[in-house]
Amino acid sequence: MGREAAGVVSAASAVMTERAGTGSASAALPEVLAEVPVAVLLIDRVAGAVTYANSAAVEMAGNVRLPVDIDTWGASVGLTGLGGQALARTSSPLSLVAEGQPVTGEAVRMTPDRVARGDGAPGERLLWVTGFPMSRTDGEEQLSLVVFLEVEGGGPDRADDQLQALRERAVVATDIAFTISDPRQEDDPLVWVNPSFTRITGYEYGEVVGRNCRFLQGPATDPRTVAEIRDALTAGRPVTTTLLNHRKDGTAFWNQLAISPVFDGEGRLVSFVGVQTDVTERVRVEREREAAFAAEQAARHEAELARAAAERARSEAELARADAERIQGRLALMAEATSTLIATLDLSDVLDRLARLCVPLLADWVFISLVDDSGAVRETASRHRDGREQELHLLATEYAPHLPPDSPTRRSTTTARPVLAQLSDADLDALLPTEATRRAVRTLGTGSLLAVPMVARRRTRGAILLARADGERPFGQEDVDLAEDLARRAALAMDNVRLYQQEHTVAVTLQRSLLPELPDIPGIESAAHYVSASTAADVGGDFYDLLHLPDGSIGLVIGDVVGHDVVAAAAMGHLRGLIRACAWEAPDPDPGAVLARVDRLVQGLRVAAMATLVYARALPPAEDGGPWQLHVASAGHPPVLLRAPDGGVRVLDEVTGLLVGVDGGAVRPSTTLELPPGTTLLAYTDGLIERPGTDLDEGIAELVGRLAAARAGAGPRELCAAAVAGSIDGRDDVALLAVRFC
């Protein structure tokens, strides 16, 4: 069967030998080997009987009471020789093991009538039998270990290979660390460890073989335990103990270690087999149990006064535990409130989430009122644990708009302090304006009321009115503290929504002022598209413009200022004003000259750091049906595209020039083209064609493909939609201008 496989089986036998000194063999076997994926027998050689079978062996034999004669056990299992003869009539491996002889490997069969099980899976199984004496011939107990390994398929000639593969699977599957050392070599070095040893200790196979296993010890390892192990190994006797070991990374763990000597057939010591298990958690639990037991024993010997003190301490501990649970619940509620309330930027949604947090955890119903700077209620939210929406709606429409000064909500918002109240029928008559509202409040119940203000940034935003229907659970100070904390968080969330909405309004206003609506110009159709990359405001540094110039020509501008925020948008506004002025009253209307003048003004006035621009000037045809004259110049901007009436797309990559803001004296040549009626010019910024991991040429090619795939006769708006379809990733601003020349 091979030296390594024999060593593993010897490891299992050594573990059992170590336990076999006391009690029955069944009790002596470790629990970790009782469920190993192979069948294991323990044979008393004096009685010639099987005294222990693990789970796999019991499944083979069925309901056979132990101890039982070895031949009887083999017959109940249905074991035969390879030729079909009963094992009792042969020198069977079981008989050899029972006589104290080692069996390094012999094949046997399980006959079909024994293999047929309840699942209807008949057949014949080939088993490989290995056995070893577990003790000296002169020992108190004459025990032997037998292991049955199933070989899947093949005959006896293939059993070695099948057995080796099965053994390796069984050992690897075992969650126990096996080691084998050789005491015949100097310092008793390790000669084999299984993969579980590597997993537990972190040391690889090559790092441990050839070394004594004391490298697992550390400064905190108990010297007395080490001495106990050393004495046992010197005497050649088994030892089981638990000691503190260290992994390769330095972390400590409690190691339950069982070391057993293995002797050959002549009684000579040939190896030590160790079985190691990480029992850190068990040691911790046992120590806690020991400490608890010691405390209990001490308490039993104390006087009556001490027992009374212990009882008081126990009661205090329970109270402390209850307090801790309440605090933990409060912290959980606050954490949930924070994450829930900040997850939306819609005020109505915030109020609804706040109401769901309050009911039913804090109250039977809640009524939330938001007030403006004058104190008037401008918005409400409510919730009832049983869904009494009609009564709450009545309070929102008839009571909330006219809160009386003595109402808990108004007192809380006025003083910015919590208000606890229990209202009588007379109080309700005085506070509520109509019989319908009084009837609604009585239906809801007012056994105990708590109003807490919502204060954020030194301003009272409203109040939360919590109500418990019956008076048996009045609000206490702990409820007040919790409600105040929740109200502060809610007020801050609502104020953040207010600030966001204000900023968003400013951003939208700025965007609308900087990105004008395209004018209606005779002879052309136009459309534009804009998306900002800024998460703070819907504006950025990209812009477009369409001008009907005094000489009847049409100016088209697309530009990109460095940046993606409000600062870039402000610079863009300045730059857009400059190019408008330069194009409107240009001494030289040539686009290259206009860009040069803009560049000088940008650098002279320090309007923007750098920007890319395309300026095109289109001249209407001299006669009906004639071509348009297009003059184009670029300042480092992506090339514009021309879509012909037949759908073909041309990239004007020959139009190039230096960015604005780099060299005020740079000359940018203009390109002149004739455009047949129906041609559409599409200018864009780089946010439309930039993709992570790709270059601009690939992005331009994709854009050309999308435009070419648009239907014949598609107008500017449809082409804009095709250009941005599935292409914007939000990393950069996108501006897009499409103009069709009719």
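Just so we're clear, the structure is a prediction, and the values are computed from it rather than from any experiment.

> Quick rundown of helix H18 (residues 435–444)? Include the residues and the values.
Turning to H18, its buried residues are Thr437, Arg438, Ala440, Val441 and Leu444. End-on, the buried residues of H18 take up no more than an arc of 160°, which puts them together on one face. Next to the buried residues of H18 lie strand E13 (365–371), strand E14 (377–384), helix H15 (389–399) and helix H17 (425–431). Gly445 lies just past H18 and shows a positive phi near 100°.

> Lay out the pattern of salt bridges with the relevant residues and their values.
Pairs can form between side chains of opposite charge once their charged atoms are near each other. One pass over the full model with this rule turns up 31 salt bridges. We note a salt bridge from Asp425 to Arg442, for which the minimum N-O separation is 3.7 Å. Residue Asp425 is found in helix H17, and its partner Arg442 is found in helix H18; the two are separated by 17 residues along the sequence. Judged by relative accessible area, Arg442 falls into the partly exposed class, the value being 36%. A salt bridge links Asp479 to Arg468, with the nearest nitrogen and oxygen atoms 3.5 Å apart. With Asp479 in helix H19 (residues 477–514) and Arg468 in strand E17 (residues 459–468), the pair connects residues that are eleven residues apart, well separated along the chain.

> Give me the lowdown on the sheet that holds strand E24 (residues 649–651), citing residues and values where you can.
Taken in spatial order, the five strands make up an open sheet running E18-E27-E26-E23-E24, and their pairing is antiparallel. Lying at the two open borders of the sheet, with one neighbouring strand each, are strand E18 (524–531) and E24. The average angle at which neighbouring strand axes cross in this sheet is 15°, direction not considered. In terms of strand pairing, strand E26 (residues 679–684) meets strand E27 (residues 734–741) through six bridges, oriented antiparallel.

> How would you summarise the side chain of Thr344 if you had to cite specific residues and measurements?
Within the secondary structure, Thr344 sits in the loop between helix H13 (304–341) and helix H14 (347–358). The buried category is assigned to Thr344, whose relative accessible area is 10%. One polar contact links Thr344 to Asp349, side chain to side chain, over a distance of 3.1 Å. Not counting residues up to four positions away in its chain, the partners in contact with Thr344 are Asp349, Val350, Arg353 and Val497.

Calculation criteria
- Residues numbered from 1 in each chain as written.
- Predicted model: local features only at pLDDT ≥ 70, side-chain atom pairs only at ≥ 80, totals over all residues.
- Heavy atoms only, no water.
- Buried < 20%, exposed > 50% of the residue type's maximum accessible area, 1.4 Å probe, protein only.
- Helix = DSSP H or I, 4+ residues; strand = E, 2+ residues; numbered from the N terminus.
- Arc of directions from axis to C-beta.
- Contact = heavy atoms within 4.5 Å.
- Salt bridge = Lys/Arg side-chain N within 4 Å of Asp/Glu carboxyl O.
- Pairing = 2+ DSSP bridges.
- Axes fitted to C-alpha atoms, helices over the stretch in contact; angles between N-to-C directions.
- Polar contact = N/O pair within 3.5 Å; in protein donor to acceptor, adjacent residues only side chain to side chain.

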